[in-house]
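Below, each chain spelled out in residue letters.
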Amino acid sequence: MPNVVGIRFKNCGKIYDFEVNGLEVRKGDRVIIDSEFGLSIGNVAVDSHFMENPAKELKKILRIANEKDLHQKQENENFEKEARSFCYERIMARGLPMKLVCSEVALDRKRIVFYFTADGRIDFRELVKDLAARFKTRIEMRQIGVRDKAKLVGGLGICGKELCCRLFLTSFEPISIKMAKQQDLSLNTGKLSGTCGRLMCCLGYEYNEGESYTGQRRAEEKVIATANNKEEAPEEASDVLSPEIVCCATIQKPENIQAASENKGEQKPEVASASKKRRRRRHRRRGPKKDE
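Quick caveat, the model's predicted, so the values are computed rather than measured.

**So, the environment of Pro54**
- Within the secondary structure layout, Pro54 lies in the loop between β4 (39–50) and β5 (61–64).
- Residue Pro54 is classed as partly exposed on the basis of its relative accessible area, which comes to 30%.
- Spatially, the C-alpha atom of Pro54 lies 8.5 Å from that of Pro2, the residues being 52 residues apart in sequence.

**Some words on the sheet that holds strand β6 (residues 99–105)**
- Across the sheet, 3 strands lie side by side as β6-β7-β8; this open sheet has mixed pairing. Every other strand in the sheet has two partners, leaving β6 and β8 (138–143) as the edge strands with one partner each. Ignoring which end each strand starts from, the neighbouring axes of this sheet average 20 degrees apart.
- As paired elements, strand β7 (residues 111–117) and β8 share 6 bridges and run parallel to each other. Note that in β8 the partner of Arg111 across the bridge is Arg138.
- Of the strands in this sheet, β6 and β7 are in contact with helix α1 (residues 67–94), which crosses β6 at around 145 degrees.

**A closer look at the nonpolar core**
- The biggest cluster of nonpolar side chains holds 19 residues, and the ones touching the most others in it are Met98, Phe114, Leu127, Leu131 and Met141.
- Every element with two or more residues in this core is listed here: α1, β6, β7, α2 (125–135) and β8.
- Residues contacting Met141, with those up to four places away along its chain left out, are Met98, Phe114, Phe116, Phe124, Leu127, Val128 and Leu131.
- Counting residues in each nonpolar core, the second largest holds 9 residues, with Ile7, Val25, Ile33 and Ile61 among its members.

**Structural notes on the pairing of β6**
- The buried count for β6 comes to 5 of 7 residues, which makes it a mostly enclosed element.
- Across 6 bridges, the pairing between β6 and β7 is antiparallel. Opposite Val105, over in β7, you have Ile112 as the bridge partner.
- Hairpin connection, β6 to β7: the antiparallel pair is bridged by 5 residues, and Arg109 has positive phi, about 60 degrees.

**Some details on the pattern of salt bridges**
- Taken as a whole and assessed by the stated rule, the structure comprises 9 salt bridges.
- Where Asp130 meets Arg94, a salt bridge forms, and the shortest distance between an N and an O atom there is 2.8 Å. Of the two residues, Asp130 is situated in helix α2 and Arg94 in helix α1; the sequence distance between them amounts to 36 residues.
- With relative accessibility at 18%, the residue Asp130 sits in the buried group.
- Among the salt bridges present, the one from Arg111 reaches Glu140, with a minimum N-O distance of 3.6 Å. Placement of the pair is Arg111 in strand β7 and Glu140 in strand β8, with a sequence separation of 29 residues.
- On the basis of relative accessibility, which here comes to 13%, the residue Arg111 falls in the buried class.

**Side note on the sheet that holds β5**
- Pairing is antiparallel across the open sheet formed by 5 strands, whose spatial order is β2-β1-β4-β3-β5. The outermost strands of the open sheet, each flanked by one partner alone, are β2 (15–19) and β5. Going from strand to strand, the sheet's axes swing by 45 degrees on average, the running direction of each strand aside.
- Where strand β1 (residues 3–8) and β2 come together, 5 bridges link them in antiparallel fashion. The residue of β2 that forms the bridge with Arg8 is Ile15.

**Details of α1**
- Compared with an ideal rise of 1.5 Å per residue, which puts 28 residues at 40 Å, α1 spans 41 Å between its outermost C-alpha atoms and is within 8% of the ideal.
- Considered for burial, the residues of α1 that qualify are Asp69, Asn76, Phe79, Glu80, Ala83, Phe86, Cys87 and Ile91.
- Residues of α1 that are buried sit in contact with β3 (30–34), β4, β5, β6, β7 and α2.
- Trailing α1 by a residue or two, Gly95 shows a phi angle of about 65 degrees, which is positive.

**Some thoughts on the environment of Phe50**
- With respect to the helices and strands, Phe50 occurs in strand β4.
- Overall, the relative accessible area of 56% leaves Phe50 in the exposed class.
- What Phe50 contacts, discounting residues up to four positions off in sequence, is Met1, Pro2 and Asn3.

**A closer look at the packing of aromatic side chains**
- For the structure on display, the rule yields 6 aromatic pairs.
- Arranged with centres 5.8 Å apart and planes meeting at 90 degrees, the rings of Phe86 and Phe135 form a pair that is edge-to-face. Placement of Phe86 in helix α1 and of Phe135 in helix α2 is noted, with a sequence separation of 49 residues between them.
- Pairwise contacts between aromatic rings join Phe9, Tyr16 and Phe18 into one cluster.
- Above the face of the Phe79 ring, Arg109 is positioned so that its terminal group lies 4.5 Å from the ring centre.
- A cation over a ring is seen here: Arg134 above Phe86, with NZ or CZ 4.6 Å from the ring centre.

Rules and cut-offs
- Residues numbered from 1 in each chain as written.
- Predicted model: local features only at pLDDT ≥ 70, side-chain atom pairs only at ≥ 80, totals over all residues.
- Heavy atoms only, no water.
- Helix = DSSP H or I, 4+ residues; strand = E, 2+ residues; numbered from the N terminus.
- Buried < 20%, exposed > 50% of the residue type's maximum accessible area, 1.4 Å probe, protein only.
- Pairing = 2+ DSSP bridges.
- Axes fitted to C-alpha atoms, helices over the stretch in contact; angles between N-to-C directions.
- Contact = heavy atoms within 4.5 Å.
- Core = buried A, V, L, I, M, F, W, Y, C linked by side-chain atoms within 4.5 Å.
- Salt bridge = Lys/Arg side-chain N within 4 Å of Asp/Glu carboxyl O.
- Expected span 1.5 Å × (residues − 1).
- Phe/Tyr/Trp six-rings, centres within 6.5 Å; stacked < 30°, edge-to-face > 60°.
- Lys NZ or Arg CZ within 6 Å of the ring centre and 35° of its normal.

And the structure:
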């Protein structure tokens, strides 16, 4: 079982496991790592612990960072600004439809990575040639999304605080409009979108996937049950009164019978007049018969 620690290279970045390699490191220490990007400085975010059956072979920590390494990192920050300004100049000169976000330089300056955003694929081969001729090192261009851009650049949200992706979010979870519906929020995308133009990540904080369907189903069942109770209430009242109505209908007084007969007599001439009118209309529609 290798003894590993969790190392983070950026603020709110992902945590990667590295083997301790016999060094005594604690949480918060800065160490030198030979990663896929190259030599870089990382912060120990998780204390040392033993891992059983790692999924892949873990890389080892080279050494603990010293003052020389920290000084080199500060110089690289100035070099990153210079590389970014030159790259932006070449992008404008060549008229490429891309937006440069930032640049990153390895500790030993053997690699420079430029992050940019674009609507589609960009042919930046000539741009890479210009950058390689200027800095004499390996150049890499990486296209990122708008959410990753907001994480790198930072900013303030509509709540007045710094963006969540910049403060504590290590990864982006999928956000849908269904989360806003469950919380009875306004479905206006302009109000629900963040500075990156996508739905705000905070919509998922109070969203419970288990209650998304069951809670809605329970609410619908309650509404249906109350509607059924309201419909059944008059039927129950009619059942209670039905014996009295039947009794009154079976035992009728002679006055009521005479009144009913009079009403029937009054209705007969109306029915006869209506039938006569129908016959007249039919006769008019048919027209007179032709003499043979």
